[in-house]
Amino acid sequence: KAGVTQTPRYLIKTRGQQVTLSCSPISGHRSVSWYQQTPGQGLQFLFEYFSETQRNKGNFPGRFSGRQFSNSRSEMNVSTLELGDSALYLCASSFALAAGELFFGEGSRLTVL
Amino acid sequence: AQKITQTQPGMFVQEKEAVTLDCTYDTSDPSYGLFWYKQPSSGEMIFLIYQGSYDQQNATEGRYSLNFQKARKSANLVISASQLGDSAMYFCAMRETRRPGSARQLTFGSGTQLTVLP
């Protein structure tokens, strides 16, 4: 059974640009969550999607957005990038909404210059 | 609000010995789940073990066991017979399950960096 796949694995952007990250969940999983991981703030919850609807949102500015498609694949977008957005962005999937263990991908490491 | 505390930023253990990683939590929800994840240098978070707040017995998964002390609100991870491949960052996490769906996110502690010495 394939795991959670995130693309791209690494990317470098400059301030003011925008970025889109993609996540393909484990087959059959309908919930996708996104986390931001930084050395200073640790793992912080961004949002969770289930059945194409955002069901849960963390405390991040509106520059951070996401969506989920009918095949459960998800994308997150960060607009007007700031230096502080440099982080490892982790996607996780689970079978049900806000329940059970999360299965994580290897993350997308974003560097903002 | 839920809170997870891991007080050991780093730990060292000799290969083949057992090690305990500490985790305390704070919640007013009587129903919750506790999780441990391992994050090697590759970045992927690997699920290790789960304990429900109403589970009567401590969870075990192979070399991993969870020392759950509900009254003390602690959920320590015990790794027996450490291996070099166990060197990684370990995160404790909690999800409150009685709260409305919008508040049932998984919240993580700050992590413990475990180094297994040969």
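Above this text sits the structure in question.
Throughout this description, residue numbers start from 1 for each chain and increase along the sequence as written. Each chain takes a letter, starting from A, and each ligand takes a number, starting from 1, following the order in which they are written. Two thresholds apply to this predicted model, a pLDDT of at least 70 for residue-level local features and 80 or more for giving and counting side-chain atom pairs, whereas whole-chain, interface and lining totals are computed over all residues. The side-chain numbers reported here are obtained from all heavy atoms of the structure, hydrogens and water having been left aside.

Colleague: Even after reading the chapter, I still don't get the side chain of serine 22 of chain A, so can you show me in this structure?
Modeller: All names here are of chain A. Runs of E in the DSSP output that reach at least two residues are strands. Runs of H or I that reach at least four are helices, and both are numbered from the N terminus. Tracing the chain through its elements places serine 22 in strand β3 (residues 19-24). Side-chain atoms alone can form a polar contact between residues adjacent in sequence; in general such a contact is a pair of N or O atoms within 3.5 Å, and within protein one must be able to donate a hydrogen while the other accepts it. Of note is the side chain of serine 22, whose polar atom sits 2.9 Å from the side chain of arginine 73. The contact rule is simple, with two residues in contact once any of their heavy atoms fall within 4.5 Å. Ignoring sequence-local partners within four residues, the contact set of serine 22 consists of Thr5, Gln6, Thr7, Trp34, Arg73, Ser74 and Glu75.

Colleague: Which parts of the structure should I look at to understand the state of the cysteines?
Modeller: Defined simply, a disulfide is a covalent bond joining two cysteines at their sulfur atoms. We call a pair of cysteine sulfur atoms a disulfide whenever their separation is within 2.5 Å. Going through the model one piece at a time under the given rule, you end up with two disulfides over all chains. Across the disulfide, cysteine 23 of chain A is cross-linked to cysteine 91 of chain A (sulfur-sulfur distance 1.7 Å). Around the S-S axis, the bridge from cysteine 23 of chain A to cysteine 91 of chain A shows a dihedral of about -60 degrees and counts as left-handed. Note that cysteine 23 of chain A is positioned in strand β3 and cysteine 91 of chain A in strand β9 (residues 87-94), a separation of 68 residues in sequence. Comparing cysteine 23 of chain A with cysteine 91 of chain A, the two get one shared label, buried. Here cysteine 23 of chain B pairs with cysteine 92 of chain B through a disulfide, and the sulfurs are 2.0 Å apart. The sign of the S-S torsion, about -60 degrees, decides the handedness of the disulfide formed by cysteine 23 of chain B and cysteine 92 of chain B: left-handed. Taken together, the residues span a long stretch of sequence, with cysteine 23 of chain B in the loop between β3 (19-21) and β4 (24-26) and cysteine 92 of chain B in strand β10 (residues 88-96) at a distance of 69 residues. As far as burial versus exposure is concerned, cysteine 23 of chain B and cysteine 92 of chain B are alike and both buried. For every residue, the accessible area (1.4 Å probe, protein chains only) is compared with the maximum for its type, and the residue is labelled buried under 20%, exposed over 50%, or partly exposed between those bounds.

Colleague: Even after reading the chapter, I still don't get the sheet that holds β3 of chain A, so can you show me in this structure?
Modeller: Each strand in a sheet pairs with another by means of backbone hydrogen bonds, the pair being arranged parallel or else antiparallel. Residue and element names in this part refer to chain A. Taken in spatial order, the four strands of this open sheet run β1-β3-β8-β7, and their pairing is antiparallel. The sheet is open, and its two edges are formed by β1 (5-7) and β7 (64-68), each paired on a single side. Put simply, the sheet's adjacent strands are angled 15 degrees from each other on average, direction ignored. Pairing of β7 with strand β8 (residues 74-78), which is carried by five bridges, proceeds in the antiparallel orientation. From the neighbouring strand, glutamine 68 faces β8, where its bridge partner is serine 74. In this analysis, strands are considered paired if DSSP registers two or more bridges between them. Each axis is a line fitted through C-alpha atoms, taken for helices only over the stretch in contact, and angles between the N-to-C directions span 0 to 180 degrees.

Colleague: I tried to follow the pattern of salt bridges on my own but got confused; where do I start?
Modeller: Close approach of charged atoms allows side chains of opposite charge to pair. Any Lys or Arg side-chain nitrogen found within 4 Å of a carboxyl oxygen on Asp or Glu counts as a salt bridge. Per the counting criterion, the structure on display carries seven salt bridges over all chains. Among the salt bridges present, the one from lysine 73 of chain B reaches aspartate 26 of chain B, with a minimum N-O distance of 3.7 Å. Taken together, the residues span a long stretch of sequence, with lysine 73 of chain B in the loop between β8 (64-69) and β9 (74-79) and aspartate 26 of chain B in strand β4 at a distance of 47 residues. The class of lysine 73 of chain B is partly exposed, set by a relative accessible area of 29%. Each member of the salt-bridge network shares a partner with another, and the members are Arg63, Glu82 and Asp85 of chain A.

Colleague: Please clarify how the nonpolar core should be interpreted in this entry.
Modeller: Nonpolar side chains in soluble globular proteins tend to end up buried together. Core analysis: the largest hydrophobic core is formed by 24 residues, its most contacted members being Tyr25, Trp36, Ile49, Leu77, Tyr90 and Leu114 of chain B. For this core, the secondary structure elements donating two or more residues are β3, β5 (32-39), β6 (46-52), β8, β9, β10 and β12 (112-117) of chain B. The leading source of residues in this core is β10 of chain B, at four residues. What is meant by a nonpolar core is a set of buried Ala, Val, Leu, Ile, Met, Phe, Trp, Tyr and Cys residues, joined one to another through side-chain atoms within 4.5 Å. Among the nonpolar cores identified, the runner-up in size contains 21 residues, and Tyr49, Val78, Ala87 and Tyr89 of chain A belong to it.

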